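# Breakdown of the fold
Listed here are the chains, written in short residue letters.
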Amino acid sequence: MTKDQTGRIIGASFGLVFIQASAGSLPTAVAVPLRVLALAAFLRVAVLGRRGRAAVAPAAPASGTRFGRRYWYVVAAEVLGLVAGLLVIARVLHVPQAAVGWIALVVGVHFSGLAVAWRRPALHALGASIAACGAAGLVLAALGAPTVAIRVAAGILPGVLLLASVWRPGRTDPAAPTAEVRSGTPA
């Protein structure tokens, strides 16, 4: 499996988790179809990502799923930010409904780090969008908005953004120039 395929499955997994975890605050008539659609979208990404492996031959030898040192620095910073913020939210501020907003904000910021580490400027837009959803969730929590509003803004919308971002295959090599390979087919 290539880095791109692995990254897409990771992104789809987190999109699925965001939606599954946040949909519980919605009415059942909305939550169940939303959860089923999210699962179907995840399965599409996972199945087509694996199937596309044989169809797209990389120009250079595959390097496996090792993401490199810069990737792990970004992930370490993300984990530290998540833990520190969640501790403050739970133990100092006592606003547990703000947790989903903090998680989305940190995940969004982490995509900006990945954009630099992987030389994929398009990830800045995804990161900014998810971070904006997280910030909106934090503001809603600070204003005492209903949990459902916070979860939609900071949980379901980021989940949809993540699933949508990996829905269509892109370049097979993050470092390749965009003119060489687009959507898994030669230009």
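We now turn to the structure provided with this report. Only a predicted model underlies this, so the values are computations on that prediction, with no experimental measurement involved.

### Some details on the nonpolar core
Grouped together as the largest cluster of nonpolar side chains are 23 residues, with contacts concentrated most on F111, L114, W118, L123 and I130. Of all the elements in the fold, those that place two or more residues in this core are α3 (69–93), α4 (99–117), α5 (122–142) and α6 (147–167). Of all the elements, α4 adds the most residues to this core, at seven residues. Excluding its chain neighbours within four sequence positions, the residues that come into contact with L123 are F111, L114, A115 and W118. Within the second largest apolar cluster, 15 residues are counted, among which are A23, L34, A38 and A46.

### What about the packing of aromatic side chains?
Tallied over the entire structure, the rule returns two aromatic pairs. Seen from their ring centres, Y71 and W72 are 4.8 Å apart, and the 80° between their planes marks the pair as edge-to-face. By relative accessible area, which is 11% here, Y71 ends up buried. Ring geometry for Y71 versus W118: centroids 5.6 Å apart, planes at 5°, classification stacked. Of this pair, Y71 sits in helix α3 while W118 is found in the loop between α4 and α5, placing the two residues 47 residues apart along the sequence. Accessibility classification places Y71 together with W118 in one group, the buried group. Aromatic ring contacts, followed pair by pair, group Y71, W72 and W118 into a single cluster.

What counts and how
- Residues numbered from 1 in each chain as written.
- Predicted model: local features only at pLDDT ≥ 70, side-chain atom pairs only at ≥ 80, totals over all residues.
- Heavy atoms only, no water.
- Core = buried A, V, L, I, M, F, W, Y, C linked by side-chain atoms within 4.5 Å.
- Buried < 20%, exposed > 50% of the residue type's maximum accessible area, 1.4 Å probe, protein only.
- Helix = DSSP H or I, 4+ residues; strand = E, 2+ residues; numbered from the N terminus.
- Contact = heavy atoms within 4.5 Å.
- Phe/Tyr/Trp six-rings, centres within 6.5 Å; stacked < 30°, edge-to-face > 60°.

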